[in-house]
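# Close look at the chain arrangement
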Amino acid sequence: MRGLADLWRSDRAVRLAPVGAVTCSALLPLVQVGLAFSYVGNGVGTGLWSIAATAAYLPLHLRHIWYAARARRTPLGGWPLAVMAVVILGATPLAGNMWPRAYTALVVSSLLILPAPWSYLGCVALVAAAAPVAHALGLSWAAAPWLTFSVLCGSVALLMLVWLAAALTRLQTAREALAQRAVMQERRRIDDDLRHSLGSALESIAARGDRAATKAAGGEPADAAQELTWLADASRRTLAEARRRVRGYRQPSLRTELETAAALLTAAGIVTRLDLPRAGIPDTIAPQQRGALRATVTRLLREGHTRACTITATDLDGRVLLEVRADGTVETIEVPA
Amino acid sequence: MIRVLIAEDMHMIRSALVALLSLEDDMEVVAEIERGDEVLDAALRVRPDVAVLDIDMPGLDGLSAAEQLSARLPDCRTLVLTGLSQPGNLLRALKVHVKGFIVKDAPAQTLTDGIRRIARGERVIDPELVAAALETGSSPLTARETEVLRAAASGIRTAQIATQLSLSQATVRNYLSNAISKVGGRNRIDAIRISRDAGWL
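Keep in mind that this is a model prediction, so the values were computed, not measured.

What counts, and where the lines are drawn
In this numbering scheme, every chain counts its residues from 1 along its sequence in written order. To label them, take the chains in the order written and letter them from A, then take the ligands in the order written and number them from 1. Selection of residues for local features in this predicted model requires a pLDDT of at least 70, selection of side-chain atom pairs for listing and counting requires 80 or more, and totals for whole chains, interfaces and linings are taken over all residues. Heavy atoms from the whole structure form the basis of all side-chain values; hydrogens and water molecules are not counted. Numbered from the N terminus, helices here are DSSP runs of H or I no shorter than four residues, and strands are runs of E no shorter than two. Working definition: with a 1.4 Å probe on protein chains only, accessible area under 20% of the residue-type maximum means buried, over 50% means exposed, and in between means partly exposed. Contact definition: two residues touch when any of their heavy atoms are within 4.5 Å. Working definition of accessibility: Shrake-Rupley area with a 1.4 Å probe, residue cover restricted to the visible protein chains. For every element, the axis is a line fit to its C-alpha atoms; helices are fit only across the contacting stretch, and the angle between N-to-C directions ranges from 0 to 180 degrees. To sort the angles, those under 35 degrees are grouped as roughly parallel, those over 145 as roughly antiparallel, those from 65 to 115 as roughly perpendicular, and the leftovers as oblique. Only the six-membered ring of Trp is used, alongside the rings of Phe and Tyr, when aromatic pairs are assigned; centres must lie within 6.5 Å, and planes under 30 degrees apart are stacked while those over 60 apart are edge-to-face, with the rest tilted. Joining two parts hides part of their accessible area as seen by a 1.4 Å probe, and the buried area is that hidden amount summed over both. Between Lys or Arg on one side and Asp or Glu on the other, a salt bridge is scored when a side-chain nitrogen of the former is within 4 Å of a carboxyl oxygen of the latter. N or O atoms within 3.5 Å of each other form a polar contact, as long as, within protein, one can give a hydrogen and the other can take it, and as long as residues adjacent in sequence are counted only when both atoms are side-chain atoms. When residues are grouped by polarity, Ala, Val, Leu, Ile, Met, Phe, Trp, Tyr, Cys and Pro land in nonpolar, Asp, Glu, Lys and Arg in charged, and all others, Gly among them, in polar.

### Structural notes on the overall build of chain A
A count of helices and strands for chain A gives 10 helices and 4 strands. The secondary structure elements of chain A, listed N-terminal to C-terminal, are α-α-α-α-α-α-α-α-α-β-α-β-β-β. Every one of the 337 residues in chain A was classed for burial, and the buried ones make up 36%. Across chain A, every contact between residues at least 6 apart in sequence was considered, and the portion connecting residues at least 24 apart equals 63%. Just so you have it, chain A exposes about 18,800 Å², and 64% of that area is on carbon and sulfur atoms.

### Focus on the packing of helix α7 (residues 143-153) of chain B against helix α10 (residues 188-198) of chain B
Residues and elements named next belong to chain B. Closest axis-to-axis distance for the α7/α10 pair is 10 Å, and the angle between their directions is 110 degrees. Overall, the two elements α7 and α10 adopt an arrangement that is roughly perpendicular. Contacts between α7 and α10 involve L149, A152 and A153 on the former and, on the latter, R188, A191, I192, S195 and R196.

### Observations regarding the packing of aromatic side chains
Residue and element names in this part refer to chain A. Across all of its chains, the model carries 2 aromatic pairs over all chains by this definition. Seen in terms of ring centroids, Y57 and W99 are 6.2 Å apart; in terms of plane orientation they differ by 80 degrees. Their pairing is edge-to-face. Residue Y57 is found in helix α3 (residues 44-69), and its partner W99 is found in the loop between α4 (78-91) and α5 (103-113); the two are separated by 42 residues along the sequence. The exposure class assigned to W99 is buried, which follows from its relative accessible area of 0%. Here W146 and F149 contribute two aromatic rings whose centre-to-centre distance is 5.8 Å and whose plane-to-plane angle is 90 degrees, an arrangement assigned as edge-to-face.

### Digging into the interface of chain B and chain A
At the interface, 19 residues of chain B touch 22 residues of chain A. Taking both sides of the interface into account, the surface hidden between chain B and chain A amounts to around 2,100 Å²; carbon and sulfur atoms contribute 59%. The three residues of chain B that bury the most area against chain A are B:R123, B:L134 and B:E135, which together make up 36% of that side's buried surface. In this assembly, chain B and chain A are joined by 0 salt bridges. Applying the counting rule to chain B against chain A returns 3 residue pairs in polar contact (both at pLDDT 80 or more). Looking at the side of chain B that touches chain A, the elements that each hand over two or more residues are α4 (89-95) and α6 (127-136) of chain B. Of the residues forming the side of chain B that touches chain A, the biggest block, 7 residues, is contributed by α6(B). A breakdown of the residues in the side of chain B that touches chain A according to their chemical character gives 12 nonpolar, 2 polar and 5 charged.

As structure tokens, then:
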């Protein structure tokens, strides 16, 4: 199920959907050709006419389906549709009494190419004509209405397939547009964030630097030294702030963080065990709890005497309780859902 | 008196470090080294209490030099000066028994305090580095993949990597392909860059 879900979510499903729609659209006419040979009242002649007519109209029909299934307008679609209509309607008296089933392709292509309301009118006329035409070609009144039903259902099924493929393509396009917009917004947010915080701090540092230079040049070394001391402190504070902000932009998963913590502690010679619940743990961890976890890991790394450590994550109705047990001491961090 | 060995390839920074530590009453700089591959010999000669090593040095990187010191001179405690740009190095540093891991732009007081605490047997690790290491995550590469990617980073061809590591060329290509996919790189160069930035190489 997971594999199927992954496939469905993946771009491959979007790429394959138009191919599926075209394949299904090609299958129905091929069945039609078979019926033109074998159905009661038909023969080799009707079968051959059916093959010839299908070979003439099917590529044009599939072209319409291919473009529509990819949510694109068919270039110069009107003339191929006219040719299709001539071929299908012209082959009607020659290709056997089951040929009106081929009207399905004409109905679908009309709906895809012609504007409303002409497309609807044409489709209603074709569907309604299927049974009388078949009867006129020798099909009994008991069987002919089924042909109308077949044309109607076949058209609806194919149109649904095309619509689904086109909808998938449109969804994919919309998703990409949304992702691009999200990236742009995030860039703008980071830009504003940096301009308001680090930008002003750097401007202040530059101003202090200028002042220190002026004082040094003006023969006030004590004041210049004071300014430079402040400048060094402010630079360090700004650097720390920049790092904090960069850390805030990154969102590593809680699992990655716990696994890395265990790896660091193990590398430091502390025998570390990581117990995670089978049900899984939240993807992210709030900054406050993340800070607490990092402080604990840093403390354990700095302490030389710790020999063993167990990090346990327990699922409590959506919340996760992190318990860091090291040589008898226990530290608990609650991660909200 | 704490006997300190300093290994730093940049002359000005090395001189500044020496001048800084010379101001401390309880410290004495017993050796100044500019190449990583000279650290062990110098340490065996002068027997320092603490070796302050830069992480990037010609000849041998600071962590490899620390590994050699840990194996040959276990009484000498090492402090590595690093940047925040390669947080994955912390894991490697802990594995090779580095006692101190401090960012290069920390205040001078942090370095002198760090040397004293390391000399007392404590471990000194910058919390910023721990945070950065936890963010980056541990290396997704296996030891062999790391080895092959490191060899590729030196610019040699697949055939030469294969000869150097006693592998077939197809195996080298497999390892490289796995490494590229694991670190999310677009190609070999990208994988090397990502792994270097994370400190996994």
